[in-house]
Amino acid sequence: MKWLKNVLLDVAVTVVIVLAAAGQEWAMWVVWIYTPCMLLLKLGALTVRRPLVRTKTMAEAPPWFYHLLYGLNVTALLVGGAWLWAGLWALIWVLSMVAEAQKPMVA
């Protein structure tokens, strides 16, 4: 559970997305700004050449945790009627899965 402190931003973003889906205007502004930035970061992660050996410097969250958060993000945005933003978060989710599949295995 050492990884929990490393995912606080991700959890906070999910809370903000749920608030945006519930109609909080300030939270929707955060979604409008954060979502394209996150999409660019995910695209960049796929295009950057990866090192041959990846070292662990801090505890990483298990992949299921990110699937849970991305699933909540997409679901909340769909329920809130924000179809475009839900689609972008679904794309971020897919790009994350592709990036995870490309990670070199660490012994």
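Residues numbered from 1 in each chain as written. Predicted model: local features only at pLDDT ≥ 70, side-chain atom pairs only at ≥ 80, totals over all residues. Heavy atoms only, no water.

Looking now at the side chain of Lys 42. One can find Lys 42 in helix 2 (residues 25–47). Comment: no salt bridge for buried Lys 42; closest opposite-charge side chain is Asp 10, at 7.1 Å. Once residues within four sequence positions are removed from consideration, Lys 42 is found in contact with Tyr 70, Ile 92, Leu 95 and Ser 96. (Helix = DSSP H or I, 4+ residues; strand = E, 2+ residues; numbered from the N terminus. Buried < 20%, exposed > 50% of the residue type's maximum accessible area, 1.4 Å probe, protein only. Lys, Arg positive; Asp, Glu negative; His and termini not counted. Salt bridge = Lys/Arg side-chain N within 4 Å of Asp/Glu carboxyl O. Contact = heavy atoms within 4.5 Å.)

Our next topic: helix 4 (residues 83–102). The end-to-end C-alpha distance of helix 4 is 29 Å, a good match for the 28 Å that 20 residues give at a rise of 1.5 Å each. Every buried residue of helix 4 is accounted for by Trp 85, Ala 86, Trp 89, Ile 92, Leu 95, Ser 96 and Ala 99. If you follow the buried residues of helix 4, they end up packed against helix 1 (8–21), helix 2 and helix 3 (63–79). (Expected span 1.5 Å × (residues − 1).)

To continue, consider the nonpolar core. Ile 17, Met 28, Val 31, Leu 77, Trp 85, Trp 89 and Ile 92 are the most contacted members of the largest nonpolar core, which has 19 residues in total. Elements supplying a minimum of two residues to this core: helix 1, helix 2, helix 3 and helix 4. Once residues within four sequence positions are removed from consideration, Trp 85 is found in contact with Met 28, Val 31, Trp 32, Thr 35, Pro 36 and Leu 77. Core analysis: the second largest hydrophobic core is formed by 5 residues, Trp 3, Val 7, Phe 65 and Leu 69 among them. (Core = buried A, V, L, I, M, F, W, Y, C linked by side-chain atoms within 4.5 Å.)

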